[in-house]
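# Examination of the molecular architecture
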Amino acid sequence: MLPRKSLRRADVAMSTGMILLGASVIYAASGMPWQSTLTGGSAQWYLSPGLFPAVVGALLIAFSLRVLIIAIKEGGTEELVPATIAWLRGIGGNHRLHRAALAVGLMAAYIFLGIGRVPFLAASGIFLFVAIALFWWRDAEGGLLRTALITAAIAIGVPLLLSTLFTTFLYVPMPQPAG
């Protein structure tokens, strides 16, 4: 676990980011309709589509402000700039950050390049196979063939199982390629 001062500096950085996220959610919600069309009347504002994200954004800001205030009171801003500069200089050797960025990149590719452009089973199978290969194969025991077979079984079986469960029992169709 990090020392207390480091935790408070992290609280300052993350709560500031969450406040900005909450503000952007409220801004996006302001572009949504604020009158309900569900019943044909406009008097039921509490059914409007913009209300829920606006409330979530406001709560995100409120709770993040609470964390930020506590972090500042406990010295979270002391040596914040030098610590941030040192962290930025160390990004090249921060392997945990690299792995997290790779995971986010894989998920983004799956969501924005796979789903809706490639059949669900193919996109999900490729995503699972690549993710397992990148994050597990180095630590796997039992040889490359065994590891590849286990990975292929998971990459084929999990999407098949999930799509069957969702379409058969929950009546939720799987995403199909556009066009």
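Heads up: the structure comes first, above all this text.
Calculation rules
- Residues numbered from 1 in each chain as written.
- Predicted model: local features only at pLDDT ≥ 70, side-chain atom pairs only at ≥ 80, totals over all residues.
- Heavy atoms only, no water.
- Helix = DSSP H or I, 4+ residues; strand = E, 2+ residues; numbered from the N terminus.
- Contact = heavy atoms within 4.5 Å.
- Expected span 1.5 Å × (residues − 1).
- Buried < 20%, exposed > 50% of the residue type's maximum accessible area, 1.4 Å probe, protein only.
- Arc of directions from axis to C-beta.
- Salt bridge = Lys/Arg side-chain N within 4 Å of Asp/Glu carboxyl O.

To continue, consider the side chain of Ser15. Relative to the elements of secondary structure, Ser15 occurs in helix α1 (residues 4-30). Setting aside chain neighbours within four positions, we find Ser15 in contact with Ser64, Val67 and Leu68.

Another aspect to go through is helix α4 (residues 95-114). Over its 20 residues, α4 extends 27 Å from the first C-alpha to the last, a length consistent with the 28 Å expected when each residue adds 1.5 Å. All of the buried residues along α4 are Leu106, Tyr110 and Gly114. Take α4 and look down its axis: the buried residues cluster within an arc of 35°, on one side only. Turned more than 90 degrees away from the buried face of α4 sit Val104, Phe112 and Leu113, all of them exposed. Along its buried surface, α4 packs onto α5 (120-135).

Here α5 spans 22 Å end to end across 16 residues, near enough to the 22 Å set by a 1.5 Å rise per residue. Of the positions making up α5, those classed as buried are Phe120, Ala123, Ser124, Gly125, Ala131 and Ile132. On its buried side, α5 packs onto α4 and α6 (144-169).

With that out of the way, let us pick up the pattern of salt bridges. Where side chains of opposite charge bring their charged atoms close, a pairing between them can arise. In this structure the tally under the stated criterion is 2 salt bridges. Between Arg8 and Asp11 there is a salt bridge whose closest N-O contact spans 2.5 Å. You can see Arg8 and its partner Asp11 sitting in helix α1, 3 residues apart, about one turn around the helix. Since its relative accessible area comes to 14%, Arg8 is described here as buried. Between Arg8 and Glu74 there is a salt bridge whose closest N-O contact spans 2.7 Å. In this pair, Arg8 sits in helix α1 while Glu74 sits in the loop between α2 (51-73) and α3 (80-89), placing the two residues 66 residues apart along the sequence. What emerges from the salt-bridge pattern is a single network uniting Arg8, Asp11 and Glu74.

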